[in-house]
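What the coordinates show
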Amino acid sequence: MYEFSTSTLLLAFGLTVFAGLGTGVGSLMSFFHKKFNPKFLAAALGFSAGVMIYVALIEIFMKAKDSLEGALGAKNGYWVTTAAFFAGIALIAIIDKLIPDYENPHEMQGRPCDPKPALDPNDPRLMRMGFFSALAIAIHNFPEGLATFMAALSDPSLGISIAVAIAIHNIPEGVAVSAPVYFATKSRKKAFWLSLLSGMAEPVGAFIGYFLLRRWFNDITFGFVFAAVAGIMVYISLDELLPTAEEYGEHHVAITGVIAGMAVMALSLVMLS
């Protein structure tokens, strides 16, 4: 069984809190939408996707493969790693499928930063939309929190990179929660706190995941969870980050961000190796 120092655990939990704060940042940006450049956010989201895809496929998947091959042998370990990778994709895809499109902020329904709501500002459905958007985001953030936490336990520098990428990814989700709540209640405070609370599902997911799995932390458990985390990160990048980046800005702005994210992550991993 793996044993982790108190400082390592605190750092890992702290990074999940940092990642979750991205929804609060998105909420604040939605109140001052005229003061930020959507193309910049598109590039940032693309950058986040590039970081997550590169880290998932080059670093996390290989760490999981090495761990499982060491415990199960080369052939069996590779098979289990591959199966766990696609199991992670299936898990997050099922979560997406179970949440109705109207209440799921990950299903694109127009630019999230558009300050003009499609519904009448006095329509009570706006509050319902904001509440269920927050609930949907909280559900998605559980596995994302576990992903950040597990990465930080394995390698603190890797955990920092993933936490930053997920924090950027959480910004438009904060907009998706706060905008309808603000239009429904005219209260920036309510909109901000509901948005922020949805992001705090990140550390909750890490906390629950750790205490459920800590008795079984060994090479096999660690490898399986890490491979699943890689799958979750790839799905998030392809299903959420890239489509949202293209909604905010031009195609080439988003793709340039992706390549830049991969390049920066590759350079940092080479320098730290």
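Everything below is about the structure printed above this text.
To keep things clear, this report deals only with the structure shown in the data block. This structure is a prediction, so every number in the text was calculated from the model and none was measured.

Cut-offs applied
- Residues numbered from 1 in each chain as written.
- Predicted model: local features only at pLDDT ≥ 70, side-chain atom pairs only at ≥ 80, totals over all residues.
- Heavy atoms only, no water.
- Core = buried A, V, L, I, M, F, W, Y, C linked by side-chain atoms within 4.5 Å.
- Buried < 20%, exposed > 50% of the residue type's maximum accessible area, 1.4 Å probe, protein only.
- Helix = DSSP H or I, 4+ residues; strand = E, 2+ residues; numbered from the N terminus.
- Contact = heavy atoms within 4.5 Å.
- Axes fitted to C-alpha atoms, helices over the stretch in contact; angles between N-to-C directions.
- Parallel < 35°, antiparallel > 145°, perpendicular 65-115°, else oblique.
- Left-handed = near helix turned anticlockwise from the far one by under 90°.
- Nonpolar A, V, L, I, M, F, W, Y, C, P; charged D, E, K, R; others polar.
- Phe/Tyr/Trp six-rings, centres within 6.5 Å; stacked < 30°, edge-to-face > 60°.
- Salt bridge = Lys/Arg side-chain N within 4 Å of Asp/Glu carboxyl O.

A few words on the nonpolar core. Core analysis: the largest hydrophobic core is formed by 52 residues, its most contacted members being Val55, Ile60, Phe149, Met150, Ile162 and Met233. Elements with a minimum of two residues in this core: helix 1 (6–20), helix 3 (38–72), helix 4 (74–98), helix 5 (125–154), helix 6 (156–185), helix 8 (201–213), helix 9 (219–248) and helix 10 (251–272). Not counting residues up to four positions away in its chain, the partners in contact with Met233 are Met52, Val55, Ala56, Ile60 and Ile162.

Quick look at the packing of helix 3 against helix 4 now. Interhelical geometry of helix 3 versus helix 4 gives an angle of 135 degrees and a closest axis separation of 7 Å. The angle between helix 3 and helix 4 places the two elements in the oblique class. Read as a crossing pair, helix 3 and helix 4 show a hand that is right-handed. Each of Leu57, Phe61, Ala64, Lys65, Leu68, Glu69 and Leu72 in helix 3 lies in contact with helix 4, whose residues at this interface are Ala74, Asn76, Gly77, Tyr78, Val80, Thr81, Thr82 and Phe85. Of the residues that constitute the contact of helix 3 with helix 4, the class distribution is 9 nonpolar, 4 polar and 2 charged.

Quick look at the packing of helix 7 (residues 188–199) against helix 8 now. Between helix 7 and helix 8, whose axes approach to 5 Å, the crossing angle comes to 25 degrees. As far as their axial angle goes, helix 8 and helix 7 are roughly parallel. Side by side, helix 7 and helix 8 meet where Leu197, Ser198 and Gly199 of the first sit next to Ala201, Glu202 and Pro203 of the second. Here the residues of the contact of helix 7 with helix 8 sort into 3 nonpolar, 2 polar and 1 charged.

Counted according to the given criterion, the structure contains 10 aromatic pairs. Measuring from centroid to centroid gives 5.1 Å for Phe85 and Phe86, while their planes differ by 90 degrees, and the two rings are edge-to-face. Accessibility expressed as a relative area gives 9% for Phe85, which makes it buried. Seen from their ring centres, Phe192 and Trp193 are 5.4 Å apart, and the 75 degrees between their planes marks the pair as edge-to-face.

Moving on, we come to the pattern of salt bridges. Scanning all chains against the criterion turns up 2 salt bridges. As a salt-bridge pair, Lys63 and Glu59 come within 3.9 Å of each other at their nearest N and O atoms. Of the two residues, Lys63 and Glu59 both sit in helix 3, 4 residues apart, roughly one turn of that helix. The exposure class assigned to Lys63 is partly exposed, which follows from its relative accessible area of 26%.

Further remarks concern the side chain of Ser27. One can find Ser27 in helix 2 (residues 22–31). The class for Ser27 is buried, based on a relative accessible area of 0%. Aside from chain neighbours lying at most four places away, what touches Ser27 is Gly174, Val175, Ser178, Ala191, Phe192 and Ser195.

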